[in-house]
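Analysis of the macromolecular model
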Amino acid sequence: MSVLSRPEFHDEEAAYAYVEARVWANGRVCPHCGECERTGKLGGKSTRIGTYKCYSCRKPFTVKIGTIFESSHVPMNLWLQAIYLMCASKKGISSNQLHRTLGVTLKTAWFMSHRIREAMRNDTLAGFGAGGGVVEVDETFIGREPGMEKKAAYHHKMKVLTLVDRSTGRAKSMVVDDLKVSTLMPIIRENIAKEATLYTDEASHYTRIGKHFASHDFTTHKSGEYVRGDVHTNTVEGYFSVFKRGMKGVYQHCGKKHLHRYLAEYEFRYNNRAALDVNDAARADFTLNGVVGKRVLYRDSLGAQTLRRRRRCQI
Ligand SMILES: [Zn+2]
């Protein structure tokens, strides 16, 4: 059976059931008051799909509250289609393509894809190189820093720092304002274990940073040396090549205020890729695990206290 024939992509009720099974994996919770026991499904023809009632605070709710789906009128099955497409396209899928494929407006497609990127975002520290593993560190340049004149070198471009843990095959990417040691040092130190071995290129900022780790070695790209035995940054450069081909070929333009979301998208797909035994469907399910508490561009109507209560119920 084609993946695209699955009921949750076509039937809104099935789509709600699919999302509920993942967001409420540990039981249904009222997003208003945190009640986990006394809630029930509302029936009746005029009731909207997926509506429940809380018998504690007496308010109705759906699984969308407190997630990237909140305040969206897009049918849930179209959301699942969009998530699947973004998860299954190695270099990403443009808002224009989503707009044409899903039959929603371009503006809606743009909002949807940014919210899905938020669901993919992982803000936890990487913890790379624990136990003395190898971590490759490198930077790349893309687009243009806001308000900067174009110059010959990279100074006018936006800067992306990426770390790849060789033993787990996972990457972590972030936007950095510059490549000063004072900027990079705290980021690298909080994401890489002290006992790690760092492999970089010859860039001078890594010489000082490298001293804080068990070992640091580099290849000298300037003199044509890219690999010396085990020492190279080919893994992280491979990561950049997918990222840059996607950003140039699919997304074409990206402002600095959105760049971190695109990084989250590429990092998510890379860290949940086929080589690590994650297929397209599992990747889409992992995205659904990240929809809670990640609403973006919308008024924050759900207080932090309620979110905390909600989490407590789910433990
Ligand atoms: Zn309630």
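Cut-off values and rules
Residues numbered from 1 in each chain as written. Predicted model: local features only at pLDDT ≥ 70, side-chain atom pairs only at ≥ 80, totals over all residues. pLDDT = per-residue confidence, 0-100. Contact = placed C-beta atoms within 7 Å. Axes fitted to C-alpha atoms, helices over the stretch in contact; angles between N-to-C directions. Helix = DSSP H or I, 4+ residues; strand = E, 2+ residues; numbered from the N terminus. Parallel < 35°, antiparallel > 145°, perpendicular 65-115°, else oblique. Nonpolar A, V, L, I, M, F, W, Y, C, P; charged D, E, K, R; others polar. Pairing = 2+ DSSP bridges. Left-handed = near helix turned anticlockwise from the far one by under 90°.

1. Describing the confidence of the model for the protein chain
- Summary statistics for the protein chain give a mean pLDDT of 90 and a share of 93% for residues scoring 70 or more.
- Segment residues 296–305: pLDDT under 50, and 11 contacts once partners within four positions in sequence are set aside and those in other chains are kept.

2. Examining the packing of helix H1 (residues 12–23) against helix H2 (residues 76–88)
- Taken N-terminus to C-terminus, the directions of H1 and H2 make an angle of 60°; their axes are 7 Å apart at the nearest point. Taken together, the axis directions place H1 and H2 in an arrangement best described as oblique. Residues Glu 12, Ala 15, Tyr 16, Tyr 18 and Val 19 of H1 form the contact with H2, whose own contacting residues are Met 76, Asn 77 and Leu 80.
- For the contact of H1 with H2, the residue count by class is 6 nonpolar, 1 polar and 1 charged.

3. A look at the sheet that holds strand E4 (residues 134–142)
- Within the open sheet, the 5 strands sit side by side as E6-E5-E4-E7-E8. Their pairing is mixed. In this open sheet, the two edge strands, each paired with only one partner strand, are strand E6 (170–176) and strand E8 (215–219). This sheet shows a mean twist of 25° between the axes of neighbouring strands, independent of strand direction.
- Bridge count between strand E7 (residues 197–201) and E8: 5 bridges; the pairing is parallel. Bridging from a neighbouring strand, Leu 198 pairs with His 216 of E8.
- Those strands touched by helix H5 (residues 181–191) are E4, strand E5 (158–165) and E6, and its axis lies near 155° from that of E6.

4. Looking at the packing of helix H7 (residues 234–251) against helix H8 (residues 256–271)
- Their axes nearest at 11 Å, the elements H7 and H8 cross at an angle of 130°. The angle between the axes of H7 and H8 places the two elements in the oblique class. Two packed elements cross with a definite hand, and for H7 against H8 that hand is right-handed. Where H7 approaches H8, its residues Tyr 239, Val 242, Phe 243, Gly 246, Met 247 and Tyr 251 are matched on the opposing element by Tyr 262, Tyr 266 and Tyr 270.
- Within the contact of H7 with H8, the residues separate by chemical class into 8 nonpolar, 1 polar and no charged.

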